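Remarks on the overall topology
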Amino acid sequence: MDLHELTIKQASDLLAQKKISSLELTQALLDRIEALDQTIASFITLDPDDALAQAQKADDIIAAGENTPFTGVPIALKDVLCTNGIRTTCASKILENFVPRYDATVVSKLKQEHAVIIGKTNMDEFAMGSSTENSALMVTANPWNTAHVPGGSSGGSAAAVAARFCCGALGTDTGGSIRQPASHCGVVGLKPTYGRVSRFGLVSYGSSLDQIGPIVRDVEDAALMMNLICGHDPKDSTCSDRKVPDFTKALVNPSLKGMKAGIPREYQSMEGVDPEVSAVFKNAVKTLEGLGVETVEVGLPHSEYVVAAYYIIAPCEASANLARFDGVRYGFRAKGQDDLISMYKQTKSKGFGPEVQRRIIIGTYALSAGYYDAYYGRASQVRTLIMEDFSRAFEQCDIILSPVAPTPAFKIGENVDDPLTMYLSDIFTLSANMASVPGISVPAGFSASGLPIGFQMMGARFDEMSLLKAGFALEQALDLKPKFPEIKE
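Below: a short report on this structure. (Residues numbered from 1 in each chain as written. Predicted model: local features only at pLDDT ≥ 70, side-chain atom pairs only at ≥ 80, totals over all residues. Heavy atoms only, no water.)

Another point: the packing of aromatic side chains. Per the stated rule, a full pass over the model turns up 16 aromatic pairs. Centre to centre, the rings of Phe126 and Phe325 are 5.1 Å apart; their planes meet at 50°, and the pair counts as tilted. One end of the pair, Phe126, is in the loop between β3 (116–121) and α5 (155–162); the other, Phe325, is in the loop between α10 (306–321) and α11 (340–351), with 199 residues separating them in the sequence. An identical accessibility class is assigned to Phe126 and Phe325; each is buried. Arranged with centres 4.8 Å apart and planes meeting at 80°, the rings of Tyr310 and Tyr311 form a pair that is edge-to-face. Assessed through its relative accessible area of 10%, Tyr311 is described here as buried. (Phe/Tyr/Trp six-rings, centres within 6.5 Å; stacked < 30°, edge-to-face > 60°. Helix = DSSP H or I, 4+ residues; strand = E, 2+ residues; numbered from the N terminus. Buried < 20%, exposed > 50% of the residue type's maximum accessible area, 1.4 Å probe, protein only.)

Right under this line is the structure:
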(Lines give C-alpha, C1' and ligand atoms only; values in the text may rest on other atoms or scores of the structure.)
Protein backbone atom coordinates (compact mmCIF):
# COMPACT_ATOMS: atom_id res chain seq x y z
CA MET A 1 0.00 0.00 0.00
CA ASP A 2 1.30 3.44 -0.94
CA LEU A 3 1.76 5.88 1.92
CA HIS A 4 -0.89 8.27 0.61
CA GLU A 5 -3.52 5.51 0.85
CA LEU A 6 -3.16 5.12 4.61
CA THR A 7 -6.12 5.88 6.86
CA ILE A 8 -5.57 7.60 10.21
CA LYS A 9 -5.67 4.24 12.00
CA GLN A 10 -3.30 2.55 9.56
CA ALA A 11 -0.85 5.46 9.67
CA SER A 12 -1.02 5.60 13.47
CA ASP A 13 -0.30 1.88 13.81
CA LEU A 14 2.63 1.93 11.37
CA LEU A 15 4.10 5.01 13.03
CA ALA A 16 3.82 3.44 16.48
CA GLN A 17 5.50 0.28 15.19
CA LYS A 18 8.23 2.46 13.61
CA LYS A 19 7.63 0.81 10.23
CA ILE A 20 7.31 4.28 8.71
CA SER A 21 8.28 7.74 9.88
CA SER A 22 6.07 10.81 10.03
CA LEU A 23 8.71 12.60 7.97
CA GLU A 24 8.42 10.18 5.04
CA LEU A 25 4.61 10.03 5.31
CA THR A 26 4.30 13.82 5.34
CA GLN A 27 6.78 14.18 2.47
CA ALA A 28 4.86 11.61 0.41
CA LEU A 29 1.63 13.55 0.88
CA LEU A 30 3.29 16.89 0.12
CA ASP A 31 4.73 15.39 -3.08
CA ARG A 32 1.27 14.18 -4.06
CA ILE A 33 -0.23 17.60 -3.33
CA GLU A 34 2.44 19.30 -5.43
CA ALA A 35 1.78 16.93 -8.33
CA LEU A 36 -2.03 16.86 -8.27
CA ASP A 37 -3.55 19.75 -6.32
CA GLN A 38 -3.16 22.10 -9.25
CA THR A 39 -5.95 19.97 -10.74
CA ILE A 40 -8.11 19.75 -7.59
CA ALA A 41 -7.36 23.09 -5.84
CA SER A 42 -8.21 21.77 -2.38
CA PHE A 43 -5.65 23.79 -0.37
CA ILE A 44 -5.57 27.54 0.19
CA THR A 45 -2.46 27.58 2.39
CA LEU A 46 0.45 25.16 2.56
CA ASP A 47 3.73 25.50 4.46
CA PRO A 48 5.76 22.40 3.55
CA ASP A 49 8.77 23.41 5.67
CA ASP A 50 6.63 23.82 8.79
CA ALA A 51 4.78 20.55 8.11
CA LEU A 52 8.08 18.68 7.81
CA ALA A 53 9.34 20.33 11.00
CA GLN A 54 6.18 19.13 12.79
CA ALA A 55 6.76 15.64 11.38
CA GLN A 56 10.37 15.56 12.60
CA LYS A 57 9.23 16.57 16.09
CA ALA A 58 6.58 13.84 16.00
CA ASP A 59 9.21 11.27 15.04
CA ASP A 60 11.31 12.32 18.03
CA ILE A 61 8.28 11.87 20.32
CA ILE A 62 7.56 8.43 18.83
CA ALA A 63 11.22 7.45 19.33
CA ALA A 64 10.90 8.42 22.98
CA GLY A 65 7.80 6.23 23.33
CA GLU A 66 5.54 9.15 24.19
CA ASN A 67 3.26 8.98 21.16
CA THR A 68 -0.55 9.04 21.10
CA PRO A 69 -2.93 7.87 18.30
CA PHE A 70 -2.52 11.09 16.30
CA THR A 71 1.20 11.69 16.76
CA GLY A 72 2.78 12.21 13.35
CA VAL A 73 -0.50 11.80 11.41
CA PRO A 74 -1.02 14.53 8.71
CA ILE A 75 -4.39 16.30 9.09
CA ALA A 76 -5.88 19.13 7.00
CA LEU A 77 -8.02 21.94 8.40
CA LYS A 78 -10.89 23.83 6.83
CA ASP A 79 -9.76 27.43 6.54
CA VAL A 80 -12.43 28.67 8.92
CA LEU A 81 -10.51 27.37 11.97
CA CYS A 82 -8.06 29.81 13.54
CA THR A 83 -4.42 28.72 13.49
CA ASN A 84 -1.78 30.64 15.42
CA GLY A 85 0.74 32.12 12.98
CA ILE A 86 -0.93 30.64 9.89
CA ARG A 87 -3.34 32.74 7.87
CA THR A 88 -7.02 31.99 8.20
CA THR A 89 -8.90 33.38 5.20
CA CYS A 90 -12.41 31.85 5.36
CA ALA A 91 -11.89 31.88 1.55
CA SER A 92 -12.76 35.57 1.59
CA LYS A 93 -10.97 38.61 0.23
CA ILE A 94 -11.80 40.44 3.45
CA LEU A 95 -9.60 38.02 5.45
CA GLU A 96 -7.15 37.06 2.71
CA ASN A 97 -4.11 38.12 4.76
CA PHE A 98 -5.46 37.63 8.30
CA VAL A 99 -3.08 35.72 10.61
CA PRO A 100 -4.60 34.79 14.01
CA ARG A 101 -2.63 34.95 17.24
CA TYR A 102 -4.28 31.89 18.77
CA ASP A 103 -5.47 28.39 17.88
CA ALA A 104 -9.02 27.09 17.80
CA THR A 105 -9.59 24.55 20.57
CA VAL A 106 -9.76 21.66 18.10
CA VAL A 107 -6.44 22.81 16.59
CA SER A 108 -4.90 22.96 20.07
CA LYS A 109 -6.05 19.37 20.68
CA LEU A 110 -4.41 18.21 17.44
CA LYS A 111 -1.19 20.00 18.37
CA GLN A 112 -1.22 18.52 21.88
CA GLU A 113 -1.26 15.08 20.24
CA HIS A 114 1.52 16.23 17.85
CA ALA A 115 -0.52 15.63 14.73
CA VAL A 116 0.95 17.25 11.62
CA ILE A 117 -1.13 20.19 10.37
CA ILE A 118 -0.47 19.77 6.66
CA GLY A 119 -2.49 22.75 5.37
CA LYS A 120 -5.68 24.84 5.28
CA THR A 121 -8.37 23.82 2.81
CA ASN A 122 -10.63 25.75 0.47
CA MET A 123 -14.30 26.37 1.26
CA ASP A 124 -17.30 28.46 0.32
CA GLU A 125 -16.68 31.97 1.61
CA PHE A 126 -17.50 32.11 5.34
CA ALA A 127 -19.02 28.61 4.90
CA MET A 128 -21.90 29.99 2.83
CA GLY A 129 -22.57 27.60 -0.02
CA SER A 130 -23.01 24.02 -1.13
CA SER A 131 -20.40 23.65 -3.86
CA THR A 132 -17.16 25.48 -2.88
CA GLU A 133 -17.74 27.72 -5.90
CA ASN A 134 -18.31 30.71 -3.62
CA SER A 135 -14.66 30.86 -2.56
CA ALA A 136 -13.06 34.20 -3.40
CA LEU A 137 -9.70 32.49 -3.91
CA MET A 138 -10.26 29.39 -6.10
CA VAL A 139 -12.80 26.77 -7.21
CA THR A 140 -12.22 23.24 -5.95
CA ALA A 141 -12.93 20.26 -8.21
CA ASN A 142 -14.30 16.83 -7.30
CA PRO A 143 -11.47 14.24 -7.41
CA TRP A 144 -13.81 11.65 -8.94
CA ASN A 145 -14.64 13.93 -11.88
CA THR A 146 -12.99 17.33 -12.04
CA ALA A 147 -15.84 18.79 -14.11
CA HIS A 148 -18.06 18.43 -11.02
CA VAL A 149 -18.21 20.22 -7.67
CA PRO A 150 -16.98 18.55 -4.47
CA GLY A 151 -19.93 19.91 -2.49
CA GLY A 152 -19.67 22.54 0.20
CA SER A 153 -18.96 24.41 2.20
CA SER A 154 -16.23 22.00 3.40
CA GLY A 155 -15.48 20.98 -0.18
CA GLY A 156 -11.74 21.53 0.13
CA SER A 157 -11.47 19.22 3.14
CA ALA A 158 -13.61 16.51 1.50
CA ALA A 159 -11.67 16.75 -1.77
CA ALA A 160 -8.32 16.61 0.06
CA VAL A 161 -9.35 13.43 1.89
CA ALA A 162 -10.78 11.83 -1.26
CA ALA A 163 -7.69 12.74 -3.29
CA ARG A 164 -5.45 11.22 -0.59
CA PHE A 165 -3.66 14.49 0.16
CA CYS A 166 -4.02 13.91 3.93
CA CYS A 167 -5.03 11.11 6.27
CA GLY A 168 -8.07 13.04 7.48
CA ALA A 169 -9.48 16.54 7.84
CA LEU A 170 -11.73 18.74 9.92
CA GLY A 171 -14.69 20.56 8.44
CA THR A 172 -17.63 22.52 9.78
CA ASP A 173 -21.33 21.88 9.32
CA THR A 174 -23.96 24.63 9.54
CA GLY A 175 -26.61 23.02 7.34
CA GLY A 176 -24.89 19.97 5.85
CA SER A 177 -21.44 21.33 5.05
CA ILE A 178 -19.62 18.22 6.29
CA ARG A 179 -22.08 15.53 5.21
CA GLN A 180 -22.95 16.82 1.72
CA PRO A 181 -19.34 17.20 0.44
CA ALA A 182 -18.45 13.88 2.10
CA SER A 183 -21.26 12.28 0.09
CA HIS A 184 -20.15 13.92 -3.15
CA CYS A 185 -16.52 12.92 -2.62
CA GLY A 186 -17.06 9.34 -1.44
CA VAL A 187 -15.72 9.77 2.11
CA VAL A 188 -17.19 9.69 5.62
CA GLY A 189 -18.42 12.92 7.22
CA LEU A 190 -19.81 13.25 10.74
CA LYS A 191 -21.61 16.26 12.20
CA PRO A 192 -21.59 15.85 15.98
CA THR A 193 -24.39 16.99 18.28
CA TYR A 194 -24.39 20.76 18.78
CA GLY A 195 -22.28 21.39 21.89
CA ARG A 196 -20.32 18.14 21.66
CA VAL A 197 -17.26 19.92 20.18
CA SER A 198 -15.93 23.33 21.20
CA ARG A 199 -16.51 26.08 18.65
CA PHE A 200 -13.86 28.36 20.16
CA GLY A 201 -11.66 29.63 17.34
CA LEU A 202 -14.20 28.78 14.65
CA VAL A 203 -15.04 31.89 12.63
CA SER A 204 -18.80 31.86 13.07
CA TYR A 205 -21.43 31.82 10.35
CA GLY A 206 -24.52 30.72 12.29
CA SER A 207 -23.62 30.46 15.97
CA SER A 208 -26.57 28.25 16.97
CA LEU A 209 -26.02 25.92 13.99
CA ASP A 210 -22.24 25.60 13.37
CA GLN A 211 -20.48 22.43 14.48
CA ILE A 212 -16.96 21.12 13.82
CA GLY A 213 -16.54 17.50 12.80
CA PRO A 214 -14.35 14.96 10.98
CA ILE A 215 -14.12 14.22 7.27
CA VAL A 216 -12.21 10.96 6.94
CA ARG A 217 -11.72 7.77 4.89
CA ASP A 218 -13.79 5.40 7.00
CA VAL A 219 -16.00 5.16 10.08
CA GLU A 220 -13.18 3.91 12.32
CA ASP A 221 -11.24 7.10 11.60
CA ALA A 222 -14.37 9.13 12.42
CA ALA A 223 -14.53 7.45 15.84
CA LEU A 224 -10.85 8.15 16.48
CA MET A 225 -11.24 11.81 15.50
CA MET A 226 -14.31 12.18 17.71
CA ASN A 227 -12.31 10.84 20.68
CA LEU A 228 -9.81 13.64 20.11
CA ILE A 229 -11.97 16.69 19.37
CA CYS A 230 -14.95 16.22 21.72
CA GLY A 231 -15.20 17.44 25.28
CA HIS A 232 -16.06 20.42 27.45
CA ASP A 233 -14.26 23.70 26.85
CA PRO A 234 -14.71 26.65 29.25
CA LYS A 235 -13.84 29.00 26.38
CA ASP A 236 -17.11 28.07 24.65
CA SER A 237 -20.26 28.70 26.70
CA THR A 238 -22.31 26.50 24.35
CA CYS A 239 -20.01 23.49 24.80
CA SER A 240 -21.58 20.65 26.80
CA ASP A 241 -19.92 19.23 29.91
CA ARG A 242 -21.47 15.83 29.19
CA LYS A 243 -18.99 12.98 29.59
CA VAL A 244 -17.40 11.89 26.31
CA PRO A 245 -17.48 8.14 25.66
CA ASP A 246 -14.78 6.14 23.89
CA PHE A 247 -16.35 6.23 20.43
CA THR A 248 -14.23 3.34 19.15
CA LYS A 249 -16.21 1.02 21.45
CA ALA A 250 -19.14 1.46 19.06
CA LEU A 251 -17.15 -0.60 16.55
CA VAL A 252 -16.34 -3.53 18.84
CA ASN A 253 -19.67 -5.34 18.45
CA PRO A 254 -20.93 -4.74 14.91
CA SER A 255 -24.24 -6.56 15.43
CA LEU A 256 -27.24 -4.35 14.72
CA LYS A 257 -29.91 -6.76 15.92
CA GLY A 258 -32.50 -4.92 17.97
CA MET A 259 -31.74 -1.53 16.42
CA LYS A 260 -34.67 0.39 14.95
CA ALA A 261 -34.29 2.81 12.05
CA GLY A 262 -36.91 5.39 11.17
CA ILE A 263 -37.71 6.38 7.59
CA PRO A 264 -39.60 9.71 7.50
CA ARG A 265 -42.77 9.45 5.44
CA GLU A 266 -42.29 13.07 4.35
CA TYR A 267 -38.98 12.20 2.66
CA GLN A 268 -40.51 9.34 0.68
CA SER A 269 -42.76 11.69 -1.30
CA MET A 270 -40.22 14.50 -1.72
CA GLU A 271 -39.84 15.75 -5.29
CA GLY A 272 -36.56 16.33 -7.10
CA VAL A 273 -34.68 13.27 -5.83
CA ASP A 274 -32.53 11.71 -8.55
CA PRO A 275 -33.50 8.07 -9.33
CA GLU A 276 -29.89 6.97 -8.81
CA VAL A 277 -29.89 8.53 -5.33
CA SER A 278 -33.16 6.74 -4.55
CA ALA A 279 -31.73 3.43 -5.74
CA VAL A 280 -28.62 3.77 -3.59
CA PHE A 281 -30.74 4.78 -0.59
CA LYS A 282 -33.07 1.77 -0.98
CA ASN A 283 -30.11 -0.60 -1.32
CA ALA A 284 -28.50 0.78 1.84
CA VAL A 285 -31.78 0.40 3.75
CA LYS A 286 -32.09 -3.17 2.48
CA THR A 287 -28.51 -3.86 3.57
CA LEU A 288 -29.21 -2.55 7.08
CA GLU A 289 -32.33 -4.71 7.28
CA GLY A 290 -30.19 -7.69 6.30
CA LEU A 291 -27.92 -6.85 9.23
CA GLY A 292 -30.84 -7.08 11.67
CA VAL A 293 -32.14 -3.50 11.71
CA GLU A 294 -35.91 -3.08 11.94
CA THR A 295 -37.19 -0.20 9.84
CA VAL A 296 -40.26 1.77 10.89
CA GLU A 297 -42.05 4.75 9.38
CA VAL A 298 -41.79 7.94 11.39
CA GLY A 299 -43.25 11.40 10.95
CA LEU A 300 -41.38 14.69 10.67
CA PRO A 301 -44.42 16.82 9.81
CA HIS A 302 -42.63 20.17 9.75
CA SER A 303 -40.03 19.05 7.19
CA GLU A 304 -41.57 21.23 4.49
CA TYR A 305 -40.68 24.35 6.50
CA VAL A 306 -37.06 23.43 7.26
CA VAL A 307 -35.45 25.18 4.29
CA ALA A 308 -37.47 28.38 4.74
CA ALA A 309 -36.82 28.54 8.50
CA TYR A 310 -33.13 27.79 8.09
CA TYR A 311 -32.66 30.52 5.50
CA ILE A 312 -34.08 33.05 7.94
CA ILE A 313 -32.18 31.92 11.07
CA ALA A 314 -28.78 31.36 9.44
CA PRO A 315 -28.64 34.71 7.57
CA CYS A 316 -29.81 36.55 10.71
CA GLU A 317 -26.96 35.04 12.70
CA ALA A 318 -24.57 35.72 9.81
CA SER A 319 -25.63 39.36 9.74
CA ALA A 320 -24.69 39.70 13.41
CA ASN A 321 -21.47 37.67 13.20
CA LEU A 322 -20.07 39.32 10.08
CA ALA A 323 -20.71 42.86 11.31
CA ARG A 324 -17.26 42.74 12.93
CA PHE A 325 -15.52 42.65 9.54
CA ASP A 326 -15.48 46.39 8.95
CA GLY A 327 -11.90 47.14 7.93
CA VAL A 328 -11.04 48.84 11.21
CA ARG A 329 -9.05 46.34 13.32
CA TYR A 330 -7.96 43.66 10.87
CA GLY A 331 -8.51 42.29 7.39
CA PHE A 332 -9.10 44.09 4.10
CA ARG A 333 -9.79 47.84 4.12
CA ALA A 334 -10.96 49.79 1.08
CA LYS A 335 -8.59 52.62 0.21
CA GLY A 336 -9.25 56.23 -0.75
CA GLN A 337 -12.35 56.82 1.36
CA ASP A 338 -12.87 60.25 2.94
CA ASP A 339 -15.14 59.26 5.83
CA LEU A 340 -15.86 56.29 8.10
CA ILE A 341 -19.24 55.37 6.63
CA SER A 342 -17.86 55.31 3.08
CA MET A 343 -14.96 53.16 4.25
CA TYR A 344 -17.41 50.70 5.88
CA LYS A 345 -19.54 50.49 2.73
CA GLN A 346 -16.65 50.06 0.31
CA THR A 347 -14.82 47.57 2.53
CA LYS A 348 -17.85 45.33 2.84
CA SER A 349 -18.96 45.61 -0.80
CA LYS A 350 -15.45 44.85 -2.12
CA GLY A 351 -14.39 42.44 0.61
CA PHE A 352 -17.44 40.16 0.69
CA GLY A 353 -18.52 38.02 -2.25
CA PRO A 354 -22.05 38.02 -3.77
CA GLU A 355 -23.42 35.09 -1.74
CA VAL A 356 -22.15 36.48 1.57
CA GLN A 357 -23.62 39.89 0.75
CA ARG A 358 -26.93 38.25 -0.17
CA ARG A 359 -27.18 36.45 3.18
CA ILE A 360 -26.12 39.51 5.18
CA ILE A 361 -28.81 41.60 3.46
CA ILE A 362 -31.48 38.94 4.08
CA GLY A 363 -30.47 38.62 7.73
CA THR A 364 -30.26 42.35 8.36
CA TYR A 365 -33.71 42.86 6.82
CA ALA A 366 -35.25 40.02 8.84
CA LEU A 367 -33.81 41.46 12.06
CA SER A 368 -34.84 45.04 11.37
CA ALA A 369 -37.48 46.90 13.37
CA GLY A 370 -40.97 45.82 12.40
CA TYR A 371 -39.85 42.55 10.80
CA TYR A 372 -38.11 40.68 13.65
CA ASP A 373 -41.26 38.94 14.94
CA ALA A 374 -42.62 38.22 11.48
CA TYR A 375 -39.42 36.55 10.26
CA TYR A 376 -36.79 35.60 12.86
CA GLY A 377 -39.34 35.14 15.65
CA ARG A 378 -41.57 32.94 13.49
CA ALA A 379 -38.62 30.94 12.16
CA SER A 380 -37.45 30.28 15.72
CA GLN A 381 -40.89 28.95 16.60
CA VAL A 382 -40.76 26.62 13.59
CA ARG A 383 -37.34 25.45 14.73
CA THR A 384 -38.85 24.45 18.09
CA LEU A 385 -41.49 22.43 16.25
CA ILE A 386 -38.76 20.70 14.20
CA MET A 387 -36.93 19.79 17.41
CA GLU A 388 -40.13 18.36 18.84
CA ASP A 389 -40.69 16.32 15.66
CA PHE A 390 -37.27 14.68 16.10
CA SER A 391 -37.82 14.06 19.81
CA ARG A 392 -41.07 12.21 19.05
CA ALA A 393 -39.47 10.28 16.20
CA PHE A 394 -36.63 9.07 18.40
CA GLU A 395 -39.17 7.64 20.83
CA GLN A 396 -39.89 5.10 18.07
CA CYS A 397 -36.40 4.48 16.69
CA ASP A 398 -32.65 4.70 17.37
CA ILE A 399 -31.59 6.34 14.09
CA ILE A 400 -33.30 8.13 11.21
CA LEU A 401 -32.37 7.36 7.60
CA SER A 402 -32.36 9.60 4.54
CA PRO A 403 -30.35 10.47 1.44
CA VAL A 404 -27.64 13.09 1.97
CA ALA A 405 -28.33 15.16 -1.14
CA PRO A 406 -31.10 14.90 -3.74
CA THR A 407 -28.60 14.45 -6.60
CA PRO A 408 -24.99 13.33 -7.13
CA ALA A 409 -22.43 16.12 -7.48
CA PHE A 410 -23.53 18.58 -10.18
CA LYS A 411 -21.22 20.21 -12.70
CA ILE A 412 -19.14 23.25 -11.84
CA GLY A 413 -21.11 26.33 -12.91
CA GLU A 414 -24.39 24.45 -13.34
CA ASN A 415 -26.21 26.02 -10.38
CA VAL A 416 -23.97 28.93 -9.47
CA ASP A 417 -26.50 31.51 -10.70
CA ASP A 418 -29.50 29.74 -9.18
CA PRO A 419 -29.45 30.31 -5.40
CA LEU A 420 -32.76 28.53 -4.79
CA THR A 421 -31.60 25.30 -6.45
CA MET A 422 -28.34 25.55 -4.50
CA TYR A 423 -30.21 26.03 -1.21
CA LEU A 424 -32.45 23.03 -1.92
CA SER A 425 -29.39 20.78 -2.34
CA ASP A 426 -29.21 20.74 1.49
CA ILE A 427 -32.85 19.78 1.99
CA PHE A 428 -32.02 16.46 3.71
CA THR A 429 -29.19 17.77 5.88
CA LEU A 430 -30.57 21.03 7.27
CA SER A 431 -32.86 19.30 9.78
CA ALA A 432 -30.00 17.89 11.84
CA ASN A 433 -28.62 21.37 12.43
CA MET A 434 -32.02 22.87 13.17
CA ALA A 435 -32.73 20.08 15.68
CA SER A 436 -29.15 20.06 17.08
CA VAL A 437 -28.82 16.29 16.46
CA PRO A 438 -25.83 14.40 15.03
CA GLY A 439 -25.68 13.08 11.49
CA ILE A 440 -23.27 10.96 9.48
CA SER A 441 -22.75 10.43 5.76
CA VAL A 442 -21.35 7.05 4.73
CA PRO A 443 -20.44 6.16 1.12
CA ALA A 444 -23.19 3.86 -0.18
CA GLY A 445 -22.84 3.64 -3.95
CA PHE A 446 -22.04 5.29 -7.24
CA SER A 447 -23.99 6.88 -10.06
CA ALA A 448 -23.83 5.40 -13.55
CA SER A 449 -21.20 8.02 -14.38
CA GLY A 450 -19.03 6.99 -11.41
CA LEU A 451 -19.85 9.77 -8.96
CA PRO A 452 -20.11 8.77 -5.26
CA ILE A 453 -23.47 8.82 -3.47
CA GLY A 454 -23.70 8.90 0.32
CA PHE A 455 -26.26 7.63 2.82
CA GLN A 456 -27.29 9.69 5.84
CA MET A 457 -28.12 8.52 9.33
CA MET A 458 -29.21 10.92 12.09
CA GLY A 459 -29.26 10.13 15.79
CA ALA A 460 -30.76 11.47 18.98
CA ARG A 461 -28.83 14.24 20.71
CA PHE A 462 -25.44 13.02 21.99
CA ASP A 463 -25.99 9.54 20.51
CA GLU A 464 -23.15 9.50 18.00
CA MET A 465 -22.41 5.95 19.20
CA SER A 466 -25.46 4.55 17.39
CA LEU A 467 -24.46 6.35 14.19
CA LEU A 468 -20.90 5.03 14.33
CA LYS A 469 -22.08 1.51 15.08
CA ALA A 470 -24.59 1.46 12.22
CA GLY A 471 -22.23 3.29 9.88
CA PHE A 472 -19.40 0.86 10.55
CA ALA A 473 -21.61 -2.20 9.98
CA LEU A 474 -23.03 -0.70 6.76
CA GLU A 475 -19.55 0.20 5.52
CA GLN A 476 -18.30 -3.35 6.08
CA ALA A 477 -21.36 -4.91 4.44
CA LEU A 478 -21.30 -2.71 1.31
CA ASP A 479 -17.49 -2.96 0.85
CA LEU A 480 -17.59 -0.52 -2.05
CA LYS A 481 -15.17 -0.76 -4.96
CA PRO A 482 -13.42 1.24 -6.30
CA LYS A 483 -12.41 3.21 -3.25
CA PHE A 484 -9.89 5.60 -4.78
CA PRO A 485 -10.48 8.18 -7.53
CA GLU A 486 -7.89 8.34 -10.28
CA ILE A 487 -6.62 11.90 -10.67
CA LYS A 488 -4.83 12.84 -13.87
CA GLU A 489 -2.07 15.44 -13.79
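Below, the discussion takes up the pattern of salt bridges. As enumerated under the stated definition, the model contains nine salt bridges in all. A salt bridge links Asp173 to Arg179; its shortest N-O distance comes to 3.0 Å. Grouping residues by exposure puts Asp173 and Arg179 together as buried. For the salt bridge of Glu355 with Arg359, the shortest nitrogen-to-oxygen distance reads 2.6 Å. Of the two residues, Glu355 and Arg359 are both situated in helix α12 (residues 354–367); the distance of four residues between them amounts to about one turn of the helix. Shared partners join several salt bridges into a network, and the residues in it are Glu355, Arg358 and Arg359. (Salt bridge = Lys/Arg side-chain N within 4 Å of Asp/Glu carboxyl O.)

Time to look at the layout of surface pockets. Looking at the largest pocket, its volume works out to about 530 Å³. Taken together, 24 residues form the lining of the largest pocket, with Arg164, Arg217, Asp218, Glu475 and Lys483 sitting closest to its centre. Residue assignment for the lining of the largest pocket shows that the elements contributing at least two residues are α1 (8–16), β10 (439–446) and α16 (464–478). In terms of residue count, the dominant contributor to the lining of the largest pocket is α16 (four residues). Of the residues contributing to the lining of the largest pocket, the split by class is 11 nonpolar, four polar and nine charged. (1 Å grid on protein atoms, 1.4 Å probe; cavity = no way out; pocket = protein on both sides within 12 Å on 5 of 7 lines; lining within 4 Å. Points joined across faces, edges and corners; volume = space filled by probe spheres on them. Nonpolar A, V, L, I, M, F, W, Y, C, P; charged D, E, K, R; others polar.)

Below, the discussion takes up the environment of Gly292. Along the chain, the position of Gly292 falls in the loop between α9 (275–290) and β8 (294–298). Assessed through its relative accessible area of 29%, Gly292 is described here as partly exposed. Sequence-wise, Gly292 and Lys257 are 35 residues apart; in three dimensions their C-alpha atoms are separated by 4.4 Å. In this structure, Gly292 is in contact with Leu256, Lys257, Gly258 and Met259, ignoring residues within four places of it in sequence. (Contact = heavy atoms within 4.5 Å.)

A word on empty space enclosed by the protein. Throughout the structure, instances matching the rule amount to two cavities of 30 Å³ or more. Put simply, the largest cavity is a space of about 70 Å³. What lines the largest cavity is Thr45, Leu46, Asp47, Asp50, Ala51, Gln54, Ile86, Ile117, Ile118, Gly119 and Lys120. If you list the elements that add at least two residues to the lining of the largest cavity, you get β1 (43–46), α3 (48–63) and β3.

Classification of Glu355 as buried rests on a relative accessible area of 8%. In this structure, the C-alpha to C-alpha distance between Glu355 and Arg199, residues 156 residues apart in sequence, is 23 Å. Not counting chain neighbours up to four residues away, the residues in contact with Glu355 comprise Met128, Asn134 and Tyr423. At 2.7 Å, the side chain of Glu355 forms a polar contact with the side chain of Tyr423. (Polar contact = N/O pair within 3.5 Å; in protein donor to acceptor, adjacent residues only side chain to side chain.)

Burial analysis of strand β2 (residues 74–78) places five of its five residues in the buried class, the great majority of the element. Burial of the side chains of β2 extends over both faces: Pro74, Ala76 and Lys78 are buried on one face and Ile75 and Leu77 on the other. Summarising the sheet, β2 and β3 pair through five bridges and their orientation is parallel. Opposite Ala76, over in β3, you have Gly119 as the bridge partner. In this region the chain leaves β2, passes through helix α4 (residues 105–112) and returns to the parallel neighbour β3; the handedness of that crossover is right-handed. (Pairing = 2+ DSSP bridges. Right-handed = clockwise from strand over helix to strand, strands pointing away.)

One open sheet accounts for 11 strands, arranged β1-β3-β2-β4-β6-β5-β10-β11-β9-β7-β8; its pairing is mixed. Of all strands in the sheet, those bounded by a partner on one side alone are β1 and β8. Sheet twist, expressed as the average angle between the axes of neighbouring strands with direction ignored, equals 30°. Sheet analysis places strand β5 (residues 188–191) next to strand β6 (residues 212–216), joined by two bridges and oriented antiparallel. Counted as the bridge partner of Gly189 is Ile215 from β6. The strands touched by α4 within the sheet are β2, β3, β4 (168–172) and β6, with β2 carrying the most contacts at an inclination of about 170°. (Axes fitted to C-alpha atoms, helices over the stretch in contact; angles between N-to-C directions.)

Mapped onto the secondary structure, Arg383 falls in helix α13 (residues 373–393). Glu317 provides the closest opposite charge to the buried, unpaired Arg383, separated from it by 4.4 Å. Here the side chain of Arg383 touches Met434 through a polar contact of 3.1 Å, landing on its backbone oxygen. Non-local contacts of Arg383, meaning those with residues more than four positions away in its chain, are made with Ser208, Leu209, Ile313, Glu317, Asn433, Met434 and Ser436. (Lys, Arg positive; Asp, Glu negative; His and termini not counted.)

Our next topic: the pairing of strand β11 (residues 452–459). When you tally the buried positions in β11, you get eight out of eight residues, the bulk of the element. Where β10 meets β11, seven bridges bridge the pair, whose relative direction is antiparallel. Considered in β11, the bridge of Gly445 is made with Ile453. Taking the residues between adjacent antiparallel strands as the criterion, β10 and β11 are bridged by five residues, where Gly450 takes a positive phi near 90°.

All we've got here are geometric facts, nothing functional implied.
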